[in-house]
Amino acid sequence: MSKLFLMFFGGRKNPVWVGYVFITVALIILPFLVEASMGRTWVRILDFALIYAMLALGLNIVVGFAGLLDLGYIAFYAVGAYTWALLASPQFGLHLPFWAIIPIGFVVAGIFGVLLGAPTLRLRGDYLAIVTLGFGEIVRIFLNNLDHPINITNGPVGINLIDPIQIAGVSLTKSHEILGLEFSGAHSYYYVLLFLLLATVFVCIRLENSRLGRAWVAIREDETAAQAMGINTRNVKLLAFAMGASFGGIAGGMFASFQGFVSPESFILLESIMVLCMVVLGGMGNIWGVILGTFLLAILPEVLRDVSGPIQENVLGRVWLDPESLRMVLFGLALILVMLLRPSGLWPKR
Amino acid sequence: MDIFLQQVINGLVLGSVYALVALGYTMVYGILGLINFAHGEVVMVGAMVFLTAVSVLGGGPLVLSNSTIIVFAVLTAIFVCSILAFFIERIAYRPLRNAPRLAPLITAIGMSILLQNIAMMIWGRQYRTFPELFQIESYTFAGANVTNVQLFIVGISIAIMASLLAVIHLTKVGRAMRATAESPQIASLMGVNVNTVISLTFIIGAGLAAIAGVLVSANYSIAHYSMGFILGLKAFTAAVLGGIGNLTGAMVGGILLGLIESIGAGYIGDLTGGFMGSHYQDVFAFLVLIIVLVFRPTGIMGERVADRS
Amino acid sequence: MAATGKLERFRNLFCGVVFLISFLGLSGCGSDEQNAGQKVIKIGQVSPLTGNIAHLGKDNENGARLAIEEANARSLSIGGEKVRFELISEDDEAKPLKSTIVAQKLVDAGVIGVIGHLNSGTTIPASKIYNDAGIAQISPSATNVNYTNQGFDTAFRVIANDAQQGRVLGAFAIKLGAKKIGVIDDRTDYGKGLAEEFEKSAVASGGEIVAHEFTDNTKTDFTAILTRIKSKEADLIFFSGMDAQAGPMMKQIKNLGLNVLFLTGDGGQTQQFLTLGGAEAEGAYASSPGEPLDKMSGGKDFTKKYTETFNQSIQIYAPYAYDAMNALISAIVAADSVDPKDYLPKLAAIEHAGVTGPVSFDQKGDIKRGTISLYRVSEGRWAYIETLE
């Protein structure tokens, strides 16, 4: 992204930092611009896009870097969300602060990543895909049923009244007025999520260029050759699962605290597939491509929501086709068309 | 003991349905190495077209016997599904044949969303019920019950499997299919029209899907635009369990999955002393799948190593 | 097998576009008369309009829409100004995440109140947003107790929570002569809540739960769990779930040769259950909160109008959505204001005679209503048996 801006601003006269300052300012005022022009809904959509971006970057480590097709990735998101829900809600009467829960969620999700990775080390390709899919379903089914004989998750009822992030006793989901500007919950979370996403991006870039990152690429390209080169494929694969899962865990925790409510229906298979679509559509393996894909797929259905009814009224004079079905039809069509026109994703790795 | 027999019968029927759908997955996979996620939706379209055809034929000016209606409606369903699958392949898969491996997976998912929602527009959001075209009879056999529809499902699955194996191994088209599965390039050098073979594979798979759709809706007497996804998923699981790409494997995997599910649901409660119940049916099924794959990484009957990751 | 040419790729794109256009082109042209010179009052409706329970979502929307159309036909005035009500219907896809987006969207659009959402899992997260905005939310179908336990004065529901109905059903099962009961629970929050209350009440009345089996709301094959219930020699099966599964379940019960009574909650007391269950549904029992629709004033009218307007039969919750919308409109009319500050107290204290029974709310926003009616399928129709407290 920065490179793009540098093309405009990064001539010889302007030092690099001008570009960075420009981007920083743009990102900071973005929610206010969005709210003023399109309404607060879009700030919220932006928040969810940021959460999905974190998820997609985590999945990108597994699928994009290491080439392991994972169809049950949402399980780690679920683990993160429920970890947060159990540690900061009336469910067990625990109310840990966010700086304690984030690392716990990170570690717990990572452990689940290893749990999934361990039995699947020998599997390749689509066999791996179906096992991960099964794993995702297993986690969801357990969450849906662990209300009996001992009640842990409340089962299908879900966990409510989850604590929001509190900084110095100030709850981030409430509206606050600072310097005459109204900061709603959606605004405050935007900054927290943006910070976490940037941290994720930073870690991903560092990982990609590290020894470990190169080992992942080697496994993706040819596992046997990688092994012959002295890469411990077992450990490296497990690390990919663990790292990917951990990012998913943090994203899940954020989701739980932002919504204040979790129930198993947020973690269905279709969500895993959606996140995978974001990664592939954007450009597998390329961090900026993945973020682009995420924003596109998170925002497109909402744009279509606004468009599919009125466009019929304007073009055809009346709403003939049910706007909701038309919206999903257009969404499916968009997935197909993008892949046909750009089979390696919108912004593939060079 | 009669309960065990009944659970086996339940599992066999459910498994035959999975197997029939799994055959379509596995044929496409065997030739293209592609998970055709839209296959479940083709099954759904088959069921829906059949029901529409029945109501059109039944309500028409001609007085037809029920068996004539059934035959014509099934043929219509097969015809529509074949055309649909032909176009799915042409539009969504063929242009991506040499693209990165996950690209066709995404178009398949897009197709699945597209078909489901178009079906919702055409046939509405309501559940449809299977018309009473024939008498469902229940037979008791050593304390276990089985209906004529269920017997028919098991019988037709076996018959279709056998004829598919015969086509693949005994005919010229079958040889072309096997050659294409081995290597499309070399097959085309040997004078096989690869594109035709692939289209044919999709068309045969869709015909099977249409039959599966009719049988599923007849057995459960229900059809809905959302019925394809879960069914497709289970069938795909079955295909992998048996060794994807292998026709006998799909059959074995399907029946095994059906048996695991019904015996699992029937006995988990007793085995775990009431700690877990039938809600862990799918967990049980997936655990068996994982265990099988840990020891046989390419499924029960699979030989080829799926090394396309 | 040469690489796909650019030309071919564009041809495919072209195909896609043609496909889309022909799709849109199916429609004709028409025009809508606009009612000018009236103040427009927007009211939101949210339910899943896509996905596998879209038929229920559309049903809710239809119910709400009917109430809006009737209100417009009465050409009401509020604050001395003629008003026209406008329904903004949104699709939450039954996803908790989407539910907060559409909730915020409705708030941004300036709705003065919302009928929805359908599922508890979407109703609860959305309720925080409506509460922040200070506008009323009336759910026609969310039964999770958590919803009204959050201390929000904007959250209401016009459907009884599961506790009441489960209690009546449990006692009724024993009254039917059941001694050994098999319970099937669809593992949704509705199914779980109802099944638990049913069990408590049935055991308290002297019954025995011999099997508690589970399915999920996407399955159609119940033979394994039914066989298990058969082996426990149950004499009654209670299904805690929806009609789309209860119907096929009836057929499977008969095919397996089970000789049992069948009882289900309001999720099964529908026209669709009769269609899907066919001849095998004969003799099944089900409950429904409130009095029978055709006994209520306006109930018969509602059924008739619904079937005529939408050319389909009522699924389940349309009458509740209809009542919820009417209650909201009545509160606005009573307050003579669309400001939530004015109408919320009126809504909290409302006494509305709805088609599903009297609508009035308790302290928390739950419906105050003590009666549950029971029905039995006889000759392909739901025959009313009795109303219990």
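Residues numbered from 1 in each chain as written. Chains lettered and ligands numbered in written order. Predicted model: local features only at pLDDT ≥ 70, side-chain atom pairs only at ≥ 80, totals over all residues. Heavy atoms only, no water.

A. Up close: the overall build of chain C. When helices and strands are counted, chain C shows 12 helices and 15 strands. Structurally, chain C occupies a C-alpha span of about 75 × 65 × 40 Å along its principal axes. Counting all 389 residues of chain C, 62% fall into the buried class. About 14200 Å² of surface is accessible on chain C, with carbon and sulfur atoms providing 50% of the total. Each charge sign in chain C was given a centre, from 39 positive and 47 negative side chains, and these centres are 2 Å apart. (Helix = DSSP H or I, 4+ residues; strand = E, 2+ residues; numbered from the N terminus. Buried < 20%, exposed > 50% of the residue type's maximum accessible area, 1.4 Å probe, protein only. Areas by Shrake-Rupley, 256 points an atom, 1.4 Å probe, with all protein chains shown as cover. Lys, Arg positive; Asp, Glu negative; His and termini not counted. Charge placed at Lys NZ, Arg CZ, Asp CG, Glu CD.)

B. The packing of aromatic side chains, seen in detail. All names here are of chain A. Overall, the coordinates contain 31 aromatic pairs over all chains when judged by the stated rule. Ring centres of Phe 65 and Trp 216 lie 6.3 Å apart, and the angle between their planes is 25°; this geometry places the pair in the stacked category. Of this pair, Phe 65 sits in helix α3 (residues 40-65) while Trp 216 is found in helix α8 (residues 211-221), placing the two residues 151 residues apart along the sequence. Of the two residues, Phe 65 and Trp 216, both sit in the buried class. With centroids separated by 6.3 Å and ring planes inclined at 85°, the aromatic side chains of Phe 255 and Phe 267 adopt a geometry described as edge-to-face. In this pair, Phe 255 sits in helix α10 (residues 233-259) while Phe 267 sits in the loop between α10 and α11 (269-282), placing the two residues 12 residues apart along the sequence. By the burial criterion, Phe 255 is buried, and Phe 267 matches it. (Phe/Tyr/Trp six-rings, centres within 6.5 Å; stacked < 30°, edge-to-face > 60°.)

C. Looking closely at the interface of chain B and chain C. Tallying the contact residues gives 46 residues for chain B and 45 residues for chain C. Contact between chain B and chain C buries roughly 3700 Å² in total, counting both sides, with carbon and sulfur atoms accounting for 57%. It is B:Arg125, B:Tyr127 and B:Tyr220 that lose the most area in chain B upon contact with chain C, and together they represent 16% of the buried surface on that side. Seen at the junction of chain B and chain C, the total is 1 salt bridge. Note that B:Asp282 and C:Lys219 form a salt bridge whose closest N and O atoms lie 3.3 Å from each other. (Contact = heavy atoms within 4.5 Å. Buried area = accessible area lost by both parts, 1.4 Å probe. Salt bridge = Lys/Arg side-chain N within 4 Å of Asp/Glu carboxyl O.)

D. Spatial organisation of the sheet that holds strand β5 (residues 136-139) of chain C. Residues and elements named next belong to chain C. One open sheet accounts for 6 strands, arranged β2-β3-β1-β4-β5-β6; its pairing is mixed. Pairing within the sheet leaves two strands with one partner each, and these edge strands are β2 (77-78) and β6 (155-157). Bridge analysis of β2 against strand β3 (residues 81-91) gives 2 bridges, and the strand direction is antiparallel. Directly across from Ile 78, in β3, lies its bridge partner Glu 81. Those strands touched by helix α4 (residues 120-133) are β1 (39-47), β4 (113-115) and β5, and its axis lies near 160° from that of β5. (Pairing = 2+ DSSP bridges. Axes fitted to C-alpha atoms, helices over the stretch in contact; angles between N-to-C directions.)

E. Fine view of the pattern of salt bridges. On inspection of all chains with the given rule, the structure shows 32 salt bridges over all chains. Note that B:Arg94 and B:Glu89 form a salt bridge whose closest N and O atoms lie 3.1 Å from each other. As far as the burial class goes, B:Arg94 and B:Glu89 line up, both buried. We note a salt bridge from C:Glu197 to C:Lys200, for which the minimum N-O separation is 3.4 Å. Taken together, the residues C:Glu197 and C:Lys200, both in helix α6 (residues 189-204) and 3 residues apart, mark about one turn of the helix. Here C:Lys200 falls in the exposed class, since its relative accessible area comes to 55%. Sharing partners across several salt bridges, the network here consists of A:Glu271, A:Glu302, A:Arg305, A:Arg327, C:Glu90, C:Asp91, C:Glu93, C:Lys95 and C:Lys98.

F. How the structure looks around unusual backbone geometry. The omega torsion across C:Gly116 and C:His117 is 0°, close enough to zero to call that bond cis. With respect to the helices, strands and loops of the structure, C:His117 is situated in the loop between β4 and α4. Non-glycine residue A:Leu161 carries a positive phi angle of around 55°. One non-glycine residue, C:Glu233, lies in the positive phi region at around 55°. Residue placement: C:Glu233 occurs in the loop between α7 (223-231) and β9 (236-240).

G. Representation of the interface of chain A and chain B within the structure. Across the contact, 46 residues belong to chain A and 53 residues belong to chain B. Together chain A and chain B conceal approximately 4300 Å² of surface at their shared face, both sides included; 78% is due to carbon and sulfur atoms. It is A:Asp126, A:Tyr127 and A:Ile130 that lose the most area in chain A upon contact with chain B, and together they represent 17% of the buried surface on that side. Viewed at the interface, chain B and chain A are joined by 0 salt bridges. Remark: the boundary between chain A and chain B carries 3 residue pairs in polar contact (both at pLDDT 80 or more). Elements that contribute at least two residues to the side of chain A that touches chain B include exactly α6 (125-145), α11 and α14 (323-341) of chain A. Classifying every residue of the side of chain A that touches chain B gives 31 nonpolar, 8 polar and 7 charged. (Polar contact = N/O pair within 3.5 Å; in protein donor to acceptor, adjacent residues only side chain to side chain. Nonpolar A, V, L, I, M, F, W, Y, C, P; charged D, E, K, R; others polar.)

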